Amino acid sequence: MNNIIIKYLEIINLRTYLFYLFGLMLIVSCEDFVEIEAPKTELVGSAVFTDEQTAEAALIGIYSQMTEGFGGFANYKTTLLTGLYADELDNFSTSATQVEFYENALNSNNVDIANLWNEPYNYIYQANAIIEGLSTAEGISANSKDQLIGESLFIRAFCHFYLVNFFGDVPYITSTDYLENSKASRLPIAEVYNLLIDDLQDAASHLTESYVSDGRVRPNRYVVEALLARAYLYNGDWINAENAANTLIEASQYQLEADVNQVFLTGSSEAIWQLYPVISGLNTVEGFSFILNGAPYNVALRNLIVEAFEENDQRLSSWIGSVTSGSDIFYYPNKYKIYFSNNLSEYYMVLRVAEQYLIRAEARIHLNNLDGALEDLNMIRNRADLDNFTSTSNELVLEAVYKERQRELFAEWGHRWFDLKRTGKADEVLSLVKSGWQSTDKRFPIPQTELQINPNITQNPGY
């Protein structure tokens, strides 16, 4: 039955269906997030806004697209594909594109590679259209313009963050000029980070500390700071990484949930930014796709991930499920626990406070603040009912932070894959579990369609 449902949903025109569905939700929901009708089509060119409602609907349309269907970069596929590509997930699917990720045998015609490129750039284009449209819009209050511009800048930076971590050097697109964009060249990774950090700093200047809707589905200044902390960490800017993470940790509206079973629920105090699911009855695609009711037909957790947990770790019992089929035991990510239900109790978690503690811990080690690093590390360990980690060695504490990131952030938004790359451990770790692993596999191939369209785009080495 699961296979039939998935095949059907992959075949039908999900975008048309889900925009219709989202329209129904706008009518029946009383939540502020969905009070404004989503745009019927994607933005084309610089938008013309005559009132706040139209501009806000355009922005909400981007969020709704992020959570539609089963093929979205922001909706399950980043977690799935990077989990297969790294060492988190075992593949049981016969999908050729999925097999290529699992066997690190990607080619530039892989459909999912094209989606990981095209979808972020689509959202970037729409964010740029909103920014350009607001620059000339009349009849929209200054406060509303600030909020919408800030969110659009954040979306632009957020999408570029994932593009640069998927593909390495990428174009940084800041306009809706088709001719200019179609010839944009790839920029070095360092330059992409500089630009997205600039965008995030600009976004922060436009946003307040308050959420403008029920729930935490519309980015505020803290959401921007959370991604800034991660960007600084990836760049080795330890001082700014610590400062940005500290901003989140000290904010009164965010706390680690004492019970790990509460972390991924709607209304979680740990949530910094969540995405509102738009598929009726499904809650999250992660729950529907990862939870096993029998032998796996899609993916299961690798045993080595399960074995990475200490015996009494609450995350092992609460965030990892198991099912027995014959004489075999299969494990699966169980952070999202709703398989299928009309009761919407889980939103997609994008940014959360636990990551900020681990960011600050890592930054503090590099700043020779070992006591502070251990304090942050043990906040995460203690929440999982683990004893304090103690050491006077910076190197050992750093390894403990990496291990804690593996356990805390598994099957979430590609954290494990990105960590292996940025810490220089990808070759060492993945050569042991991937028979054909090559160092050039650390970057995904540029889609063949993009190479054909843009004469200034070159392919990554090894493809």
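As the structure is a computational prediction, the values presented were derived from the model and not from experiment.

Participant: Which parts of the structure should I look at to understand the nonpolar core?
Facilitator: Membership of the largest hydrophobic core comes to 121 residues, with the highest contact counts inside it found for F73, F158, F167, L196 and F444. Per-element tally for this core: the top contributor is helix α7 (residues 142-167), with 14 residues. Excluding anything up to four places from it in sequence, F444 contacts Y85, F101, L106, I113, L116, F166, F167, W417, N460 and Y463. In terms of nonpolar packing, the next biggest core, distinct from the first, is built from 11 residues, L377, L398, A400 and Y402 among them.

Participant: I'm lost on the packing of helix α16 (residues 370-383) against helix α17 (residues 394-408) in this one. Help?
Facilitator: Direction vectors running N to C along α16 and α17 enclose 30 degrees, while the axes themselves pass 11 Å from each other. Accordingly, the angle class assigned to the pair α16 and α17 is roughly parallel. Of the two possible hands of crossing, α16 and α17 adopt the one that is left-handed. From α16, L370, L374, L377, I380, R381 and R383 reach across to α17, where they touch N394, V397, A400, V401, E404, R407 and E408.

Participant: Whenever I open this one, the packing of aromatic side chains confuses me. Can you help?
Facilitator: Aromatic ring pairs: the centre-centre distance and the angle between the two ring planes describe each pair. Per the stated rule, a full pass over the model turns up 39 aromatic pairs. When the centroid spacing of 6.4 Å and the interplanar angle of 80 degrees are considered together, the rings of F161 and F418 count as edge-to-face. In this pair, F161 is assigned in helix α7 and F418 in helix α18 (residues 415-422), connecting sequence segments 257 residues apart. Across the pair, F418 and F161 agree in class, each one buried.

Definitions and limits used
What you see as residue numbers is a count from 1 along each chain, following the sequence as written. Where totals are concerned, whole chains, interfaces and linings use all residues; where local detail is concerned, this predicted model gives features only for residues with pLDDT of at least 70, and gives and counts side-chain atom pairs only at 80 or more. Remark: hydrogens and water are excluded; side-chain values derive from all non-hydrogen atoms of the structure. We define a nonpolar core as any set of buried Ala, Val, Leu, Ile, Met, Phe, Trp, Tyr and Cys residues linked to one another through side-chain atoms lying within 4.5 Å. Exposed residues in this analysis have more than 50% of their type's maximum accessible area, buried residues have under 20%, and partly exposed residues fall in between, with area computed by a 1.4 Å probe over protein chains only. Under the DSSP-based scheme used, a helix requires at least four consecutive residues in state H or I and a strand at least two consecutive residues in state E, with every element numbered from the N terminus. Note on definitions: a residue-residue contact is assigned when non-hydrogen atoms from the two residues lie within 4.5 Å. Lines are fitted to the C-alpha atoms to define the axes, a helix being fitted only along its stretch in contact, and any angle between axes, read from their N-to-C directions, falls within 0 to 180 degrees. An angle below 35 degrees is treated as roughly parallel, one above 145 as roughly antiparallel, one from 65 to 115 as roughly perpendicular, and anything else as oblique. Should the near helix be turned anticlockwise from the far one by less than a right angle, the crossing is left-handed, and should it be turned clockwise, the crossing is right-handed. For Phe, Tyr and Trp, where Trp contributes only its six-membered ring, two rings pair if their centres lie within 6.5 Å, and the inter-plane angle classes them as stacked under 30 degrees, edge-to-face over 60, or tilted in between.

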